[in-house]
Structures are given as C-alpha cells and as structure tokens.
Amino acid sequence: MNKEPDVRWPAEWEPQDAVWLSWPHRRDLWQGGLDELQQTYGSVAAAIAPHALVCVNAAAPLHPGVRQAMLAAGVSEEQFRLFNHPTNDVWCRDHGPVFVQDVKDGSLMLADWQFNAWGGKFAPWDLDNGVPALIGAALGLPVRSSSLILEGGAIEGNGDGLLVTTESVLLNPNRNPDWSRAMIEEELKRMLGVRAVFWLGSGIEGDDTDGHIDDMVRFVCRDAVVSIVETDSSSPHYRALAENNERLQDLRCVDGSGVEVIARCRPFPSAESHPPLFLPLRSQSLLPRPGLLLGDTVDGAAFQHQLAGIHPYYLFSAETFTQNAQGAIVIPGLVEYGNNDGFINNEEIGVTGRELIQAPVLRMEGIRHRQGNHLHPSVLLNPNRNPDW
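Here is what the cut-offs are and how they apply
Residues numbered from 1 in each chain as written. Predicted model: local features only at pLDDT ≥ 70, side-chain atom pairs only at ≥ 80, totals over all residues. Heavy atoms only, no water. Buried < 20%, exposed > 50% of the residue type's maximum accessible area, 1.4 Å probe, protein only. Helix = DSSP H or I, 4+ residues; strand = E, 2+ residues; numbered from the N terminus. Right-handed = clockwise from strand over helix to strand, strands pointing away. Pairing = 2+ DSSP bridges. Arc of directions from axis to C-beta. 1 Å grid on protein atoms, 1.4 Å probe; cavity = no way out; pocket = protein on both sides within 12 Å on 5 of 7 lines; lining within 4 Å. Points joined across faces, edges and corners; volume = space filled by probe spheres on them.

Visitor: If you had to explain the pairing of strand β3 (residues 53-58) to someone new, which residues and values would you point to?
Guide: Where burial is concerned, most of β3 is hidden: five out of the six residues are buried. This β-α-β element, strand β2 (residues 16-22) to helix α1 (residues 34-48) to β3, shows right-handed connectivity. Where β3 and strand β4 (residues 80-84) come together, five bridges link them in parallel fashion. Pairing of Val-56 across the sheet is with Leu-82, part of β4. With helix α2 (residues 63-72) bridging β3 and its parallel neighbour β4, the resulting β-α-β unit is right-handed.

Below, the structure written as structure tokens:
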C-alpha cells in the first residue's frame, strides 16, 4: 500500500516570495568577465526586486561588494537580503534546495540533495553542496536530506504529483552508480511528494549537465508540456530529441488524464540558451486571465496567446519556454530577441502560425558562462506558503 505524500512540490508558476541568487566571485571561472557579470547580476536583481525579495548567497567578505552592486543597479536595501553562504559557483537552481510544502498546513520545508557539479566535472563543489542546509538554517525551515545526487534543473514538475526527468542524468554512473531506477523513483516520491515519475532518455548533445530536462521539456500548466524538437536529421540533437518526443506521447497526469505535448523547433540552433525566468508580479495590473483572446489587452498591455484550452500565460523562447501567470519575463540578451520595443513576438523567436506571442519582457545582457546564456539555472524560486491554507 502506497504511503500518502506528506509534502507537495509546487509548480514553478505558483506565487513566489523570493528569488535566490548565488553571487559570482571567482575570476578563474569568468575569463576576465567577472566585473561585468557582477554588474549584470545587479541588473538581474533589479528586474526581480519589484516582484519578489532577492536573496543572495555569498561569503561574508563579499557582502560589501554585493551591496554596492545592488544599490548601483537601483535595488533598495529593503528589496534584498545577503546571507553568509559561501559558494563555489553561481548555479543556484542546481546546487540549492527544492522548496516543498507540508500537505497539512502549507508550511515550507527544504529538500536537500547531494551535489557533485554535474558528475564531478567542475571541482571544487563542497561549498555549493552545503548551500541547502545553510538556507534552511537561515530561514528556520526544516530540511529533509537525501543521499541522492540531483540538480534542480534535472527535474520538472506540474505541481500535481507528476515529475519528468532524464535517464542520462539521474541514472548516470557519474552521479548515482548504486541507485536503481526504482530506488530513485521512491526517493523522489519521499522527498517531493510526487506520485509518478516519467523518464525521458538523453539530452542535448554537448550539454555539460548530461541532459537536464529544463533544456528540453517544460510544463506550461498541469496537463500540457512544451517540448523542443530538431527537424534537421543531420543535427547531433536529432535522435535524442526525437526519442524523447516519442516517449512523451505516453505522458499522463497522476489521475490518468492525458498531457498535451506542444512541439517547438529549436529556434537558435547555433546558440545555446536556457529558458527565460518568469517573475511573479506583486502587482496584479498585468495579470492575464484564462479566456483572453488573441490581441486582447490587460491594462494596456497586449497578451497574445495560442493553444485553446491551455492557460495563455507562457512565453516560449529558445530551447525551452516559461512565463508565469502572474509575471513578467526576463530573457538573456546574448541571443538577440525583439526590436527593443519592450515586447517579443512570434517571428522573433522562430514560432509561426497561430502561436503565442506578444508579452512584455525584461532584457538582460551578458549572462554567460562556459556555454552561453544561463539565466534560468542561476536562480532558485522560493514559493509562498500555500495560500489555500
């Protein structure tokens, strides 16, 4: 008899109280670009600050410089908090905890996994591995620990008990050589309260993560995912993405109902770009509603959408796609989007036909590291206590 879950993993589009960053500080990693990157992180914080508290992991000696960068970017003292949490690198989504809610009262707790820098690729990682426990102590939240090696970008959830991941990451010998598929599934259920785990195969060729799901497939609501496809059969990505999209035809919600799979081509095959970050707005003035029609406006802001029967809340760009029902969009600026008019449209991201798209964006320049534009794995979302309790 299966034990009833005692925690719930909220979907990424649900309301957030804070967004966590891990501050860049190692000149050896940034190839002469550290000063520029720190300035960019200040700009990222400035984009987040009107909508959520910005929480920063950084060793105490770095705090004066972090504060200076924040204030220079226009982030006021009450909009950010600095924590004496030393780190090795910036990928907060991957080395941070996963926030879950107690099913009894909605209170938060943390799922603390082991982190080994994507299979031991980028030593050292000891400080990053300690971040979840430090966040738990700082926030006074209970921490549930696991010996499973897992990064936040390796799992995707719909907020209703369904989790999607890849074999090439969680079953990789460079992470969990002594764990079987069944053991991993049971641990994901224990830690996150999910009821079903759906496996895809491998990921994008050359990805340092070995195939994180957030490069390929994202839930856009409880019963729909967007999945990238590669139409060029000579591409090194073609076979893996084709197999993944074939497997997705069997994806079901935990109640057995179907999940719509919305296939999207990779618009920028020559540039690697992670998904944009959505920001939950404190103001509801730009909140789109189910039932809006193509070209409708909300307080003067146009929100065009597609996909009848799916919430019109999501902007899709680059390899994977995300926008929150409550939010603005932040996109990395090394891949050119739009015409600097404050909006992005379907032609500008390579989507045609009756597709989504016109939504306000906040353009971020200079997010770069090793392989291009990586805003999404640089942030960790800190959900609200469930408002229904």
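Visitor: Would you mind going over helix α9 (residues 238-248) in detail, with residue names and values included?
Guide: Every buried residue of α9 is accounted for by Ala-240, Leu-241, Asn-244, Asn-245 and Leu-248. Buried residues of α9 fall within an arc of 130° about the axis and therefore sit on the same side. Relative to its buried face, α9 has exposed residues pointing more than 90 degrees away, namely Arg-239 and Glu-246.

Visitor: Can you explain empty space enclosed by the protein? Please cite residues and give values.
Guide: For the structure shown, the criterion picks out six cavities of 30 Å³ or more. Within this model, the largest cavity holds a volume of roughly 300 Å³. Considering every element that reaches the lining of the largest cavity, the biggest residue donor is strand β20 (residues 379-383), with three residues.

Visitor: Outline helix α6 (residues 131-139), listing residues and values.
Guide: Of all the residues in α6, the buried ones are Val-131, Pro-132, Ile-135 and Gly-136. The buried residues of α6 occupy an angular sector of 135° when projected down its axis, which confines them to one face. Backbone geometry just downstream of α6 places Gly-140 in the positive-phi region, at approximately 65°.

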